[in-house]
Amino acid sequence: MARAQFQKGQKVWVECVGAWAQIERVQPVWAKGFEEPVRVTYDVGLGREFLGHELLLPADDPASNGGETWRLMRARNKWQTAEDCPHHPFPGTYPVVVTDKADWGGWRVPGAEYDRDPDQIEFQARLIAAAPRLMALAERLVSSVDEAPEDAPPELQVLAREARAALQAVTHVLGAPPEALAAAPRESQAA
């Protein structure tokens, strides 16, 4: 017997198409003599019906840790001395974005990639280091507009919508429907 894993209006990721969609209709398939549907399909407006295993739910990323302070540090370049690379913004070093409380863990680039375009890598490092603050700013913008949407100017409402979309791209990861997660351990035990 089948049960619906999703409901009408729910946002889902259609894996085989590679796109987000909204469930327009939940379509149970009934068979004579059964009290429950034998199969449930979902119409998401993409030209055909999809089964539950072809769809994924957005899920919050447990690894995301808001409020962290990321820092930009400089590491000594072991392969090039300051005299070898006078064209670098900070000769003899490269940027490291530290995302851990200890001074390790985070973002680095290979020396050859840094040497190819040091200004771009420096910009990326500053942007990554500022990401938690920019994310907090976007969250505050969205929540302030959500508190009183009728009082917010139209331009601020547009900015809040864009900030919400950007935040969702960061905080929502794909995950299997809850029933599929619960069924997975039982299936692996039976095997």
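Look up: the structure comes first, before these words.
A short tour of the structure in this document, coming up.

About the thresholds
- Residues numbered from 1 in each chain as written.
- Predicted model: local features only at pLDDT ≥ 70, side-chain atom pairs only at ≥ 80, totals over all residues.
- Heavy atoms only, no water.
- Helix = DSSP H or I, 4+ residues; strand = E, 2+ residues; numbered from the N terminus.
- Expected span 1.5 Å × (residues − 1).
- Buried < 20%, exposed > 50% of the residue type's maximum accessible area, 1.4 Å probe, protein only.
- Arc of directions from axis to C-beta.
- Contact = heavy atoms within 4.5 Å.
- Pairing = 2+ DSSP bridges.
- Axes fitted to C-alpha atoms, helices over the stretch in contact; angles between N-to-C directions.
- Bend = angle between axes of the 7 residues up to and from the residue.
- Salt bridge = Lys/Arg side-chain N within 4 Å of Asp/Glu carboxyl O.
- Phe/Tyr/Trp six-rings, centres within 6.5 Å; stacked < 30°, edge-to-face > 60°.
- Lys NZ or Arg CZ within 6 Å of the ring centre and 35° of its normal.

## With respect to helix α3 (residues 154–171)
Turning to step 1, where the next piece is worked out: The end-to-end C-alpha distance of α3 is 25 Å, a good match for the 26 Å that 18 residues give at a rise of 1.5 Å each.
Turning to step 2, where the next piece is worked out: Turning to α3, its buried residues are Ala160, Ala163, Leu167 and Thr171. Around the axis of α3, the buried residues are gathered within 65 degrees of arc, so they sit on the same side. In α3, the exposed residues that point more than 90 degrees away from the buried face are Pro154, Glu155, Arg161, Glu162 and Ala169.

## Some thoughts on the environment of glutamate 122
Turning to step 1, where the next piece is worked out: Relative to the helices and strands, glutamate 122 resides in helix α2 (residues 118–147).
Turning to step 2, where the next piece is worked out: Placed 50 residues apart in sequence, glutamate 122 and leucine 72 show a C-alpha to C-alpha distance of 9.8 Å.
Turning to step 3, where the next piece is worked out: If sequence neighbours within four positions are ignored, glutamate 122 has contacts with Arg74, Pro89, Phe90, Pro95 and Tyr114.

## Some words on the sheet that holds strand β7 (residues 71–76)
Turning to step 1, where the next piece is worked out: Read across the sheet, 3 strands follow the order β7-β8-β9 without closing on themselves; strand pairing throughout is antiparallel. Each edge of the open sheet is held by one strand with a lone partner, namely β7 and β9 (106–107).

## Section: the sheet that holds strand β5 (residues 49–51)
Turning to step 1, where the next piece is worked out: Taken in spatial order, the 3 strands of this open sheet run β3-β4-β5, and their pairing is antiparallel. The open sheet has two free edges, formed respectively by β3 (25–29) and β5, since each of these has just one partner strand. Averaged over all neighbouring strand pairs, the angle between strand axes comes to 35 degrees, with direction disregarded.
Turning to step 2, where the next piece is worked out: Across 5 bridges, the pairing between β3 and strand β4 (residues 39–43) is antiparallel. Across the sheet, residue proline 28 finds its bridge partner in β4, namely valine 40.

## Notes on α2
Owing to its 3.6 residues per turn, the α-helix aligns residues three or four sequence positions apart on the same side.
Turning to step 1, where the next piece is worked out: The terminal C-alpha atoms of α2, which comprises 30 residues, lie 43 Å apart, in line with the 44 Å expected from a rise of 1.5 Å per residue.
Turning to step 2, where the next piece is worked out: Residue alanine 131 marks the point of greatest curvature in α2, where the axis turns by about 50 degrees; the proline proline 132 follows within four residues.

## Some remarks on the pattern of salt bridges
Turning to step 1, where the next piece is worked out: Taken as a whole and judged by the stated rule, the model has 4 salt bridges.
Turning to step 2, where the next piece is worked out: The residue aspartate 146 makes a salt bridge to arginine 164 at a minimum N-O spacing of 2.6 Å. Here the residue aspartate 146 occupies a position in helix α2, and arginine 164 occupies one in helix α3, the gap between them amounting to 18 residues.

## What about the pairing of β4?
Turning to step 1, where the next piece is worked out: β4 sits mainly inside the fold: 4 of its 5 residues count as buried.
Turning to step 2, where the next piece is worked out: Adjacent in sequence and paired antiparallel, β4 and β5 are bridged by 5 residues, among which glycine 45 carries a positive phi angle near 80 degrees.

## Notes on the packing of aromatic side chains
Turning to step 1, where the next piece is worked out: The tally for this structure, following the rule as stated, stands at 2 aromatic pairs.
Turning to step 2, where the next piece is worked out: Aromatic pair phenylalanine 6 and tyrosine 42: ring centres 5.3 Å apart, planes at 80 degrees, arrangement edge-to-face. Of this pair, phenylalanine 6 sits in the segment before β1 (11–14) while tyrosine 42 sits in strand β4, and the two are 36 residues apart along the sequence.
Turning to step 3, where the next piece is worked out: By relative accessible area, which is 1% here, tyrosine 42 ends up buried.
Turning to step 4, where the next piece is worked out: Plain terms: the ring middles of tryptophan 13 and tryptophan 20 are 5.2 Å apart, the flat faces sit at 70 degrees to each other, and that makes the pair edge-to-face.
Turning to step 5, where the next piece is worked out: Judged by its relative accessible area of 37%, tryptophan 20 falls in the partly exposed class.
Turning to step 6, where the next piece is worked out: Note that lysine 11 overlies the ring of tryptophan 20, its terminal NZ or CZ placed 4.7 Å from the centroid.

## Some details on the pairing of strand β2 (residues 19–22)
Turning to step 1, where the next piece is worked out: As paired strands, β1 and β2 are joined by 4 bridges and run antiparallel to one another. For lysine 11, the partnering residue across the bridge sits in β2 and is glutamine 22.
Turning to step 2, where the next piece is worked out: Linking β1 to β2, which pair antiparallel, is a turn of 4 residues; within it glycine 18 sits at a positive phi near 75 degrees.

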